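Each chain, letter by letter, is given below.
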Amino acid sequence: MFKFAAEKIEIEPLKKSLEDDRAGAVVCFEGIVRNHNEGKAVVALEYEAYETLGVTEAEKILAEASTNFGILNAVCVHRVGELKVGDMAVFVAVCSAHRHEAYQASRYIIDEIKTRLPIWKKETYAGGSSSWVNCQHLNNAAACHSEASHGHK
Amino acid sequence: MEIAVNKGAEKDMVTVNVTVRYFAILRDQRGAASEQLSTEAASLSELYDSLATTHGFSLKQDQLRVAVNDSFVDWREQLSEGAQVVFIPPVAGG
């Protein structure tokens, strides 16, 4: 199950939805808004999504994780709207019989979400300027697709 | 001197009505979240180039992906009447 959320992500109901007597492992990942990116002090950010395509693509990613790693179930929620430093931006939970495949699937899901879902992030910096992340390197298309300078929050 | 007239090309010109939705930096640069327009563009690629010129979009086509009616498609695809087109800037989720 994947969905976008305009409000704070409540993780307990999501974990509850994964309860399964066959599961010996649940791996949860929380992506949090950090206070800096590429050397700039970030004070707030806004996520915007093309939700219909985003949900379809995310469900594909979850199905791929299920097929590739043999997990029992996975859920993911991604925030949209305005977030502050410390807020949870994305939550991924995976359950499986054993921990190995749950860790693998969790990593796969968050990595694919970051590169494939139509979600955009506008950061506001200390001083008041703002920019759409990954869209500013106007003369270098390669840089725009690079993940290298964007470690996870 | 003969004047070449490319009748074939003119005959192929078809006007279609499409809706274009804009997100993120493209919405900011367009100043609108969507627009309906009539276009003779032969492909999605041509449509983007024409809109980018008109509105001064900073992103080049090879930085974008494109979707029609909520599915990713190829830039070479032709436009169909009533299509909803979305140009997708470099993403930054997660």
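Residues numbered from 1 in each chain as written. Chains lettered and ligands numbered in written order. Predicted model: local features only at pLDDT ≥ 70, side-chain atom pairs only at ≥ 80, totals over all residues. Heavy atoms only, no water.

Asks: A description of helix α2 (residues 51-69) of chain A should follow, citing residues and the corresponding values.
Replies: Under the 1.5 Å per step criterion, the end-to-end length of α2 of chain A is 26 Å for 19 residues, consistent within 8% with the ideal 27 Å. Of all the positions in α2 of chain A, only L53, G54, E57, A58, I61, L62 and A65 of chain A are classed as buried. Tucked into the core, α2 of chain A has its buried residues touching β1 (2-5), β5 (73-79) and α3 (99-116) of chain A together with β3 (65-68), β4 (71-73) and β5 (84-88) of chain B. Backbone geometry just after α2 of chain A places G70 of chain A at a positive phi near 65°. (Helix = DSSP H or I, 4+ residues; strand = E, 2+ residues; numbered from the N terminus. Expected span 1.5 Å × (residues − 1). Buried < 20%, exposed > 50% of the residue type's maximum accessible area, 1.4 Å probe, protein only. Contact = heavy atoms within 4.5 Å.)

Asks: Go over the packing of aromatic side chains, please, and point to the residues and values.
Replies: What the rule picks out here adds up to 9 aromatic pairs over all chains. Residues W120 of chain A and F23 of chain B carry aromatic rings whose centres are separated by 5.2 Å and whose planes lie at 20° to one another, so their mutual orientation is stacked. In this pair, W120 of chain A sits in strand β8 (residues 119-125) while F23 of chain B sits in the loop between β1 (16-21) and α2 (24-30), so the two residues belong to two different chains. Note on F23 of chain B: relative accessible area 7%, which makes it buried. Their ring planes at 10° and their centres at 5.8 Å tell us that W75 of chain B and F87 of chain B sit as a pair that is stacked. Separated by 12 residues along the polypeptide, W75 of chain B in the loop between β4 and β5 and F87 of chain B in strand β5 bring together distant segments of the chain. F87 of chain B matches W75 of chain B in its accessibility class, with the two residues each being buried. Here the aromatic cluster, defined as three or more aromatic residues joined through ring pairs, consists of Y22, Y48, F57, W75 and F87 of chain B. Stacked on the ring of Y125 of chain A, the Lys or Arg K40 of chain A has its end atom at 4.6 Å from the ring centre. If you follow R65 of chain B out to its NZ or CZ, it ends over the ring of F72 of chain B, 3.6 Å from the centre. (Phe/Tyr/Trp six-rings, centres within 6.5 Å; stacked < 30°, edge-to-face > 60°. Lys NZ or Arg CZ within 6 Å of the ring centre and 35° of its normal.)

Asks: A description of the interface of chain A and chain B should follow, citing residues and the corresponding values.
Replies: Across the contact, 31 residues belong to chain A and 25 residues belong to chain B. Summing both sides of the interface, chain A and chain B together bury roughly 2,300 Å²; the carbon and sulfur share of this comes to 58%. On inspection of chain A and its partner chain B, the count reaches 2 salt bridges. Put simply, chain A and chain B have 12 residue pairs in polar contact (both at pLDDT 80 or more) between them. Secondary-structure elements contributing two or more residues to the side of chain A that touches chain B are β4 (40-49), α2, α3, β8 and α4 (141-145) of chain A. (Buried area = accessible area lost by both parts, 1.4 Å probe. Salt bridge = Lys/Arg side-chain N within 4 Å of Asp/Glu carboxyl O. Polar contact = N/O pair within 3.5 Å; in protein donor to acceptor, adjacent residues only side chain to side chain.)

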